[in-house]
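Structural description and commentary
Chain by chain, the residues run as shown.
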There are 2 protein chains.
Amino acid sequence: MVNGYAGRILHVDLTEGKTWVEEPAEEFYRRYLGGNGFVAYYLLKELPKGADPLGPENVLIFATGTITGIPVAGAGRSCVGAKAPLTGGYGEADVGGFFGAELKRAGFDAIVVRGRAPKPVYLWIHEGEVELRPAEHLWGTKTHECQEAIQEELGDSRVRLAMIGPAGEKLVRFACVINDLRHAAGRTGLGAVMGSKNLKAVAARGKGQVPVADPEGLRELARWMRENWKEKAGELYELGTDGGLLGLSEIGALPTRNFQDGQFEGAEKITGTTMRDTILIGREGCFACPIRCKRVVKVEDEYQVDPIYGGPEYETVASFSSNCGIDDLKAIAKAHELCNAYGLDTISTGMAVSFAMECFENGLLTLEDTGGLELRFGNAQAMVELTRQICEREGLGDLLAEGPLAAARKIGSGAERYVLHVKGQPFPMHECRTRHGQALGYAVSPTGADHMHNFWDGSMAKEPLPESLRSLGVYQSVPQTELNYHKVRAYTYVTNWQWLHNHLGHCMFIPWSREQIVQLVRAITGWETNMWELFKVAERGVTMARVFNLREGLGRRDDVLPERVATPFVTKTVNEKPVPPEVLDEHVSIFYGMMGWDPETGVPTGPRLQELDIAWVQEQLEA
Amino acid sequence: MVNGYAGRILHVDLTEGKTWVEEPAEEFYRRYLGGNGFVAYYLLKELPKGADPLGPENVLIFATGTITGIPVAGAGRSCVGAKAPLTGGYGEADVGGFFGAELKRAGFDAIVVRGRAPKPVYLWIHEGEVELRPAEHLWGTKTHECQEAIQEELGDSRVRLAMIGPAGEKLVRFACVINDLRHAAGRTGLGAVMGSKNLKAVAARGKGQVPVADPEGLRELARWMRENWKEKAGELYELGTDGGLLGLSEIGALPTRNFQDGQFEGAEKITGTTMRDTILIGREGCFACPIRCKRVVKVEDEYQVDPIYGGPEYETVASFSSNCGIDDLKAIAKAHELCNAYGLDTISTGMAVSFAMECFENGLLTLEDTGGLELRFGNAQAMVELTRQICEREGLGDLLAEGPLAAARKIGSGAERYVLHVKGQPFPMHECRTRHGQALGYAVSPTGADHMHNFWDGSMAKEPLPESLRSLGVYQSVPQTELNYHKVRAYTYVTNWQWLHNHLGHCMFIPWSREQIVQLVRAITGWETNMWELFKVAERGVTMARVFNLREGLGRRDDVLPERVATPFVTKTVNEKPVPPEVLDEHVSIFYGMMGWDPETGVPTGPRLQELDIAWVQEQLEA
């Protein structure tokens, strides 16, 4: 502990009702930083190979990052990880809000949870103290009720919560973890893991400040952001992440009717400007963030949307609207509210609905199957109702709650062709036939198709390339609908840096340059770190996640895309270009090789594991 | 050319007597920077596979780097490259002084020379103009005569020269290129390449300033160095590079009697302090350098050493003294003067002498072979005389002029066991049995055993590790006499950064931090570059050199060490630990793998070449 930067990890065994504290050496922090680094580390160390994601052997990790909880823009993020109920592989989702910062201020960098409580419990962490408390009385509550009850019980309305709603309790395979009612660790089904463990919530409260090695350096960075965020990210405040929806539709990148098309005729009705001018009543941010890209919406007519649950982000809007052929913002707001109240991933839920709609339109699901719902694209009421059914595991919703891929296998008749997914996880809201770097990203992301581990081809198509790419050693422009090794290089470097954001608990929307992020880490830790060292941490994290997947049986045959990606849009050609499987495959190999993994199998080589200082995972590969 | 940082490359065809100018795009500079980057690029592009190093097809490159010629400490270096007469592989040597800076100020970043002049010529470059001038009248001159004649002829005493002496003309396989009489591009035999091309010298004169994108940023860095160099590198001024000799002997790292031992009983008589107190008459630096680590010595008794040739550095002192069992600084100064006047690499010359001494002591060479010289370890006069014979290719010197390995093969009777070399290039003056990282470095350096592409194990043995290693992601101490994958990691990163110094034309003795070097490159080029991008340039350069060697037939079987390294010291055990071939071999594989090369063959993988943006060299591998 040369510079003394180190903290505490909380361990919990729910079966035994025990907790204990680990105080790792500084090297541990420097090697893994936090976020995915911690998730991958503890999954590889603690989870028995082949464990059932919904069994007591699964290991659930709540992890902050280096920047989480530091009073500077972007420090509001943390992540949740486990073996994923939705994919059977590496499960991780990151999330904004306030819980992560509160957990750190309460004295812990991460929580590692094992076992299964005999009866529902919640975990209460305050000022370094830890308590497992009964939660039978909370079981079945929606998130708002749960939060109110716990805050009242603990006598502190500033307690921050990571919790599940009824969907997690009912083990919906794409249930999420909800922080502070409005922030979701959405993907891969981690809410079901909490449910399977009888863990209703983690409550945190800390009044301390997170220590910082160089407070003046930090203040200077914070000052810069105060003076510059409006110019660089003011649009995000004004319109939220949904601000770009119309533009995406124009270039054919907006998923429409279950990815049959890339342009949506109703896009103008659902884009950020329309939301601002209709249902928006407020804007919110995460911990310490001036940008406040999060929306608060209210609807008072037939849908009755409670603003306590915030409002939909772009991914949520698109999955319930264009993706379902719907242009009714109020219905979308309702579906969003249901998901946050019950604890469901909005992306996977919208994709489950659109999958069912396409099945229905093609006769694979009948009115009998849907309980009378006219499940056609464009039917807003049916979408909201089916969302509710998934939340409650009612009727068709019970089938879809196993995930669209599992549902398709039950439905049969080739329904699988309507599931846009990788490794069982539905596509997020980015049409990859108009941006081929994303196609690669969907295929190789360790969590399955994921917008958080991906690449936006746009900047790479520019001529000249922006300095942000050139300074990564990428000097060659490539069109959006092309995949070549130059693009794989950029994909590899850029997504590795995105992993780093996660390791740091840092939001990628904050307009820090990479240099400034290095400066932030220096100011916080006192290390003389640099971009090279931080990139190595990210390569380490991605490689550990890969090793975890390989160990759990996910390999090259799972790094593939559904056949729809190899076909053109159905209704109207825009500027999409199908991605043939053999083209994808060739570039998956190149990606493996560039990562220092075997180009055929994607297995990291022994020397690469040593180079990344994670030789200890070799035995996991051999297991 | 986004930021406009780009320059001019001079091409010369000596056979045709033609010159022309190439103006590469900015990307070329950003991908390869300079130095080894240019050498490797042009060797791969221009040299026909299998070309004779001493034939007209060899390509000779003089290359500056990004920092060369900028008015800031450390900017005095440049390099020379070609297919090496001594190894048959990648030939490169870097050099300080003033020639590189002058070349750049005269308008060129590099010179690429092909063919063979029908009669001796020299190249005259001034203010962007180029002229090939006759040099028959200079043929046979020592470097000082040559310099005086050319400066007089051109009417400018400030003309700077890179030239050869009689040794290069006579194709001594370890002849060097001498800049400004006192600075040698010493290793791999590049002086012989100049000789084979009938190119006596390159003369440069430029009055312009090298343009700088951010002069204020540069001034600030220069100011920092002015204020800090004494504290950080004052010892180098005071005692020169020889200042550490006594310390090396104490830890058993001083090559003694042809690497039979690691401690020399006469070390005190030859260390920097003694030099200062006896024969030193001045200190000199390279272009823009405040540290002035170079020595100027004068001897007036029997050896008559002319101070015009400067004085010996550590490598020179050790190779002619402890390595030959000699403790007479005056004799060493004489050998040094001879080498600079005739243009010989002092390291290889000293090693040729010590090899012959061991042969003599073991009866493989007789008084008849030596022309009556009592060639025993410790015989200073014999050492000076044999050095002169090598310079003139007289007697035994003519045999040794082919390099100790070729000489040993002619001598027979197992003389090869007395040649401490890798790929035919003799060891520099660092005993690797007490520092195992160096052993690996000798084995895998593309130029053969080389102190410029190596690793100093000392800092890695410290506990805690210095931040300079920690900030490369190396957190694990390793004893000096141990080789494990942690050390291979550090070796790989540290020597890659050393290659970068060469690409930049920057001296590794200057106490800039890595961050400051990034800042220097930013200030000069205007690029928003960073440590990551610069490391990638270095990885690219090392990998290109590897590909060149593979193409020319040097592969894994050449990445080995002589058997003496696997045995203990002869006279007195210190703290050396032999390096068994199988241990070395294992770690060579790890190094290959860490570099993204096939761990068995050391052939860079296709995806790795793509990742480094040098996919174009793939065809060289297949050739």
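Residues numbered from 1 in each chain as written. Chains lettered and ligands numbered in written order. Predicted model: local features only at pLDDT ≥ 70, side-chain atom pairs only at ≥ 80, totals over all residues. Heavy atoms only, no water.

Residue and element names in this part refer to chain A. Ordered in space as β2-β1-β6-β3-β4-β5, the six strands form an open sheet in which the pairing is mixed. At either end of the open sheet lies a strand with only one pairing partner, and these are β2 (18–22) and β5 (90–95). Strand-to-strand, the axes of this sheet are offset by a mean angle of 15 degrees, without reference to chain direction. Relative to strand β6 (residues 110–114), strand β3 (residues 60–64) runs antiparallel, the two being bridged by four bridges. Of the residues in β6, the one forming a bridge with Ile-61 is Val-112. (Pairing = 2+ DSSP bridges. Helix = DSSP H or I, 4+ residues; strand = E, 2+ residues; numbered from the N terminus. Axes fitted to C-alpha atoms, helices over the stretch in contact; angles between N-to-C directions.)

On to unusual backbone geometry, then. Cis rather than trans, the peptide bond between Glu463(A) and Pro464(A) has omega equal to 0 degrees. By secondary structure assignment, the location of Pro464(A) is in the loop between α17 (436–444) and α18 (467–470). If you check the backbone angles, Asn258(B) has positive phi at about 55 degrees while not being a glycine. Within the element layout of this structure, Asn258(B) appears in the loop between α8 (245–250) and α9 (267–270). The class for Asn258(B) is buried, based on a relative accessible area of 0%. Notably, Arg393(B) is not glycine yet its phi reads approximately 55 degrees, a positive angle. Structurally, Arg393(B) can be placed in the loop between α14 (380–392) and α15 (395–400). (Buried < 20%, exposed > 50% of the residue type's maximum accessible area, 1.4 Å probe, protein only.)

Taken together, the contact pairs 41 residues of chain B with 41 residues of chain A. If you look at where chain B meets chain A, you find ten salt bridges. When the shortest N-O distance is used, the salt bridge between Glu467(A) and Arg30(B) registers 2.8 Å. On the surface where chain B and chain A come into contact, there are 22 residue pairs in polar contact (both at pLDDT 80 or more). Going through the elements one at a time, α1 (26–32), α18 (467–470), α19 (485–504), α20 (514–525), α21 (531–551), α22 (581–594) and α23 (606–611) of chain B are the ones with two or more residues in the side of chain B that touches chain A. The biggest single contributor to the side of chain B that touches chain A is α21(B), with seven residues. Of the residues belonging to the side of chain B that touches chain A, the class tally is 15 nonpolar, ten polar and 16 charged. (Contact = heavy atoms within 4.5 Å. Salt bridge = Lys/Arg side-chain N within 4 Å of Asp/Glu carboxyl O. Polar contact = N/O pair within 3.5 Å; in protein donor to acceptor, adjacent residues only side chain to side chain. Nonpolar A, V, L, I, M, F, W, Y, C, P; charged D, E, K, R; others polar.)

This part covers the pairing of strand β1 (residues 9–13) of chain A. All names here are of chain A. For β1, the buried fraction is high: five of the five residues fall into the buried class. Pairing geometry for β1 and β6, over five bridges, is parallel. Of the residues in β6, the one forming a bridge with Leu-10 is Ile-111. Here β1 runs beside β2; their pairing, made up of five bridges, is antiparallel. The partner of His-11 across the bridge, within β2, is Trp-20. Between β1 and β2, which pair antiparallel and follow one another directly, the connecting turn spans four residues, one of which, Gly-17, has a positive phi of 70 degrees.

Packed helices, taken two at a time, are described by their axes: the angle between them and the distance between them. Residue and element names in this part refer to chain B. Running from amino to carboxyl end, α19 crosses α21 at an angle of 90 degrees, the nearest separation of the two axes being 8 Å. It follows that α19 is roughly perpendicular to α21 by the angle criterion. Contacts between α19 and α21 involve Tyr-493, Asn-496, Trp-497, Trp-499, Leu-500 and His-503 on the former and, on the latter, Met-531, Leu-534, Phe-535, Val-537, Ala-538, Glu-539, Gly-541, Val-542 and Ala-545. Per-class residue counts for the contact of α19 with α21 are eleven nonpolar, three polar and one charged. (Parallel < 35°, antiparallel > 145°, perpendicular 65-115°, else oblique.)

To continue, consider the environment of Ala356(A). Its location among the elements puts Ala356(A) in helix α13 (residues 346–361). Contacts of Ala356(A), omitting those with residues within four sequence positions, involve Leu365(A), Leu375(A), Leu386(A), Leu396(A) and Leu400(A).

Once that is clear, we can look at the domain arrangement of chain A. Residue and element names in this part refer to chain A. Split by domain assignment, chain A resolves into domain 1 (9–205), domain 2 (234–426) and domain 3 (435–622). Averaged C-alpha coordinates put domain 2 and domain 3 at centres separated by 27 Å. At the junction of the two partners, domain 2 supplies 29 residues and domain 3 supplies 30 residues. Contact between domain 2 and domain 3 buries roughly 2,000 Å² in total, counting both sides, with carbon and sulfur atoms accounting for 58%. When residues of domain 2 are sorted by the area they lose upon contact with domain 3, Asp-261, Val-422 and Lys-423 head the list and together hold 29% of the total. In this structure, the salt-bridge partner of Arg-564 is Glu-358, at a minimum N-O distance of 2.6 Å. (Domains from an automatic or database assignment. Buried area = accessible area lost by both parts, 1.4 Å probe.)

What follows is about the nonpolar core. Note that soluble globular proteins tend to have their nonpolar side chains buried in a common cluster. Membership of the largest hydrophobic core comes to 374 residues, with the highest contact counts inside it found for Phe355(A), Met383(A), Phe427(A), Phe355(B), Met383(B) and Phe427(B). Those residues within four positions of Met383(B) in sequence are excluded, and the remaining contacts are Phe320(B), Cys324(B), Ile326(B), Ala331(B), Ile332(B), Ala335(B), Val353(B) and Met357(B). (Core = buried A, V, L, I, M, F, W, Y, C linked by side-chain atoms within 4.5 Å.)

On to empty space enclosed by the protein, then. It is the rolling of a water-molecule-sized probe over the atoms that shows where space remains empty. Tallying each qualifying case throughout the model produces eleven cavities of 30 Å³ or more. Residue assignment for the lining of the largest cavity shows that the elements contributing at least two residues are α19 and α21 of chain B. Considering each element in turn, the lining of the largest cavity owes the most residues, four residues, to α19(B). Computed from the structure, the second largest cavity encloses a volume of approximately 80 Å³. With four residues, the top contributor of residues to the lining of the second largest cavity is helix α19 (residues 485–504) of chain A. The residue makeup of the lining of the second largest cavity, split by class, is seven nonpolar, four polar and no charged. (1 Å grid on protein atoms, 1.4 Å probe; cavity = no way out; pocket = protein on both sides within 12 Å on 5 of 7 lines; lining within 4 Å. Points joined across faces, edges and corners; volume = space filled by probe spheres on them.)

Our focus in this paragraph is the packing of α19(B) against α22(B). Residues and elements named next belong to chain B. Contact geometry for α19 and α22: axes closest at 10 Å, N-to-C directions at 50 degrees. Relative to α22, the element α19 is oriented oblique. The interaxial crossing formed by α19 with α22 has right-handed handedness. Note on element contacts: α22 touches α19 through His-587, Ile-590, Phe-591 and Met-594, opposite Tyr-485, Val-488, Arg-489, Tyr-491 and Thr-492. Tallied by class, residues from the contact of α19 with α22 come to six nonpolar, two polar and one charged. (Left-handed = near helix turned anticlockwise from the far one by under 90°.)

As a further point, take the sheet that holds strand β9 (residues 160–163) of chain A. All names here are of chain A. Read across the open sheet, the six strands follow the order β8-β7-β12-β9-β10-β11; overall the sheet is mixed. This sheet does not close on itself; its edge strands, each paired only once, are β8 (129–134) and β11 (183–185). Across the sheet, the mean angle from the axis of one strand to that of its neighbour is 20 degrees, orientation sign disregarded. Sheet analysis places β9 next to strand β12 (residues 199–205), joined by four bridges and oriented antiparallel.

A few words on the relation of the copies chain B and chain A. For the pair chain B and chain A, the best superposition has an RMSD of 0.0 Å and corresponds to a rotation of 180 degrees with a translation of 0.0 Å parallel to the axis. Interpreted geometrically, this transformation is the action of a two-fold axis. Closest approach to the rotation axis among the C-alpha atoms of chain B is made by Trp532(B), whose C-alpha sits 2.4 Å away. A shared binding surface is used by both copies, with 100% of the interface residues of chain B retained as interface residues in chain A. (Least-squares fit on C-alpha atoms with pLDDT ≥ 70 in both.)

On to the packing of aromatic side chains. Residue and element names in this part refer to chain A. Throughout the structure, instances matching the rule amount to 53 aromatic pairs over all chains. Here Tyr-5 and Trp-527 contribute two aromatic rings whose centre-to-centre distance is 5.1 Å and whose plane-to-plane angle is 80 degrees, an arrangement assigned as edge-to-face. In this pair, Tyr-5 sits in the segment before β1 while Trp-527 sits in the loop between α20 (514–525) and α21 (531–551), placing the two residues 522 residues apart along the sequence. We note Arg-283 situated over the ring of Tyr-237; from NZ or CZ to the ring centre the distance is 4.8 Å. (Phe/Tyr/Trp six-rings, centres within 6.5 Å; stacked < 30°, edge-to-face > 60°. Lys NZ or Arg CZ within 6 Å of the ring centre and 35° of its normal.)

Before going further, it helps to examine the state of the cysteines. Taken as a whole, this structure holds zero disulfides over all chains when the rule is applied. Looking at the unpaired Cys324(A), the closest cysteine sulfur is the one in Cys339(A), lying at 11 Å. Under the relative-accessibility criterion, Cys324(A) is labelled buried at 0%. No disulfide involves Cys339(B); its nearest neighbouring cysteine sulfur is the one of Cys391(B), lying 5.4 Å away. The buried category is assigned to Cys339(B), whose relative accessible area is 0%. (Disulfide = S-S within 2.5 Å.)

This part takes up helix α12 (residues 329–342) of chain B. An α-helix turns once every 3.6 residues. As a result, residues three or four positions apart point the same way. Residue and element names in this part refer to chain B. The terminal C-alpha atoms of α12, which comprises 14 residues, lie 20 Å apart, in line with the 20 Å expected from a rise of 1.5 Å per residue. The buried fraction of α12 amounts to 13 of the 14 residues, a majority that puts the element mostly inside the structure. Gly-343 sits one or two residues past α12 and shows a positive phi near 80 degrees. (Expected span 1.5 Å × (residues − 1).)

All names here are of chain B. Burial along strand β14 (residues 294–297) is two-sided: the face carrying Lys-294 and Val-296 and the face carrying Arg-295 and Val-297 are both buried. Across four bridges, strand β13 (residues 280–284) lies against β14 in antiparallel orientation. Counted as the bridge partner of Glu-284 is Lys-294 from β14.

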